[in-house]
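# Structural overview for review
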Amino acid sequence: MSIYERIEILIKNKKITKKKFCSDLGISTGNLGDWKRGKSTPGSNKLIDIAMYFDVSLDWLMTGCERQVEKIHERLEVYLVDVSSIDWTVKLSAHEKAFIREYIHFTQHRKKLRRKKAEEKNSFSLHLDSPEV
């Protein structure tokens, strides 16, 4: 099953139209058609958006399988690092630098989406509390 076929299942399960899905996520219907025909696939940021929109894991969205992950439970605390022990002369490869840049971009994107989702939730609550509802 392709990524597009899993997206189609999610759209049907959420009982929304493909047009609404595209509108909500800022996807052109042409891109969705390209995904269907296998001409292209969603980029990494769009896959994250889709997974968050449907509340599914990226693993499932991309492969159709959930990854079995052992959960680590730890207390929330501040971690301090003694930077004097770090060897700053070690050079990173271009691949390592690209990975770090991509990870930073991913975390910034995820934070922005979570903030937006929280704002929408708060806005929705405000509308419910208004006397006009």
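Let me sum up the structure you'll find in this document. (Residues numbered from 1 in each chain as written. Predicted model: local features only at pLDDT ≥ 70, side-chain atom pairs only at ≥ 80, totals over all residues. Heavy atoms only, no water.)

### A word on helix 1 (residues 3-14)
Count 3.6 residues to each turn of an α-helix, and residues three or four apart come out pointing the same way. Rule in force here: Helix numbering and strand numbering both begin at the N terminus, where a helix is a DSSP run of H or I of at least 4 residues and a strand a DSSP run of E of at least 2. The length a helix should cover is 1.5 Å for every residue beyond the first. Here's how the labels work: a residue is buried when its accessible area is under 20% of the maximum for its type, exposed when over 50%, partly exposed in between, all with a 1.4 Å probe on protein chains only. Note on definitions: a residue-residue contact is assigned when non-hydrogen atoms from the two residues lie within 4.5 Å.
Spanning 12 residues, helix 1 covers 17 Å between terminal C-alpha atoms, matching the ideal 16 Å at 1.5 Å per step. Buried within helix 1 we find Ile3, Tyr4, Arg6, Ile7, Glu8, Leu10 and Ile11. For helix 1, the secondary structure elements touched by its buried residues are helix 2 (18-25), helix 3 (29-37), helix 4 (44-54) and helix 5 (58-63).

### Here's the deal with a nonpolar patch on the surface
Rules: Each patch is built from salt-bridge-free residues with over 30% relative accessible area, joining like charges within 9 Å and nonpolar side chains (Val, Leu, Ile, Met, Phe, Trp, Tyr) within 5 Å. Throughout, the Shrake-Rupley method with a 1.4 Å probe supplies accessible areas, and for residues the shown protein chains are the sole cover considered. Note on definitions: salt bridges are taken to be side-chain nitrogens of Lys or Arg within 4 Å of carboxyl oxygens of Asp or Glu.
Taken together, the side chains of Leu92, Phe99, Ile100, Tyr103 and Ile104 make up a nonpolar region of the molecular surface, amounting to roughly 490 Å² of accessible area. In this fold, Ile100 is placed in helix 6 (residues 94-129).

### Observations regarding the packing of helix 2 against helix 4
Axis angle and axis distance: for two packed helices, these are the angle between their axes and the distance between the axes, and together they describe the pair. The condition is simple: For every element, the axis is a line fit to its C-alpha atoms; helices are fit only across the contacting stretch, and the angle between N-to-C directions ranges from 0 to 180 degrees. Less than a right angle of anticlockwise turn of the near helix away from the far helix marks a crossing as left-handed, whereas a clockwise turn marks it as right-handed. By the convention adopted, Pro, Cys, Tyr, Trp, Phe, Met, Ile, Leu, Val and Ala count as nonpolar, Lys, Arg, Asp and Glu as charged, and the other residues, Gly among them, as polar.
Contact geometry of helix 2 with helix 4 gives a least axis separation of 11 Å together with a crossing angle of 115°. As helix 2 packs across helix 4, the resulting crossing turns out to be right-handed. Between helix 2 and helix 4, the residues in contact are Phe21, Asp24 and Leu25 and Lys46, Asp49, Ile50, Tyr53 and Phe54, respectively. For the contact of helix 2 with helix 4, the class distribution of residues is 5 nonpolar, no polar and 3 charged.

### Observations concerning unusual backbone geometry
Positioned with a positive phi, Lys15 is a non-glycine residue whose angle comes to about 60°. With respect to the helices and strands, Lys15 occurs in the loop between helix 1 and helix 2. On the basis of relative accessibility, which here comes to 74%, the residue Lys15 falls in the exposed class.

### Focus on the side chain of Asp34
Tracing the chain through its elements places Asp34 in helix 3. Judged by its relative accessible area of 19%, Asp34 falls in the buried class. Not counting residues up to four positions away in its chain, the partners in contact with Asp34 are Lys39 and Ser40.

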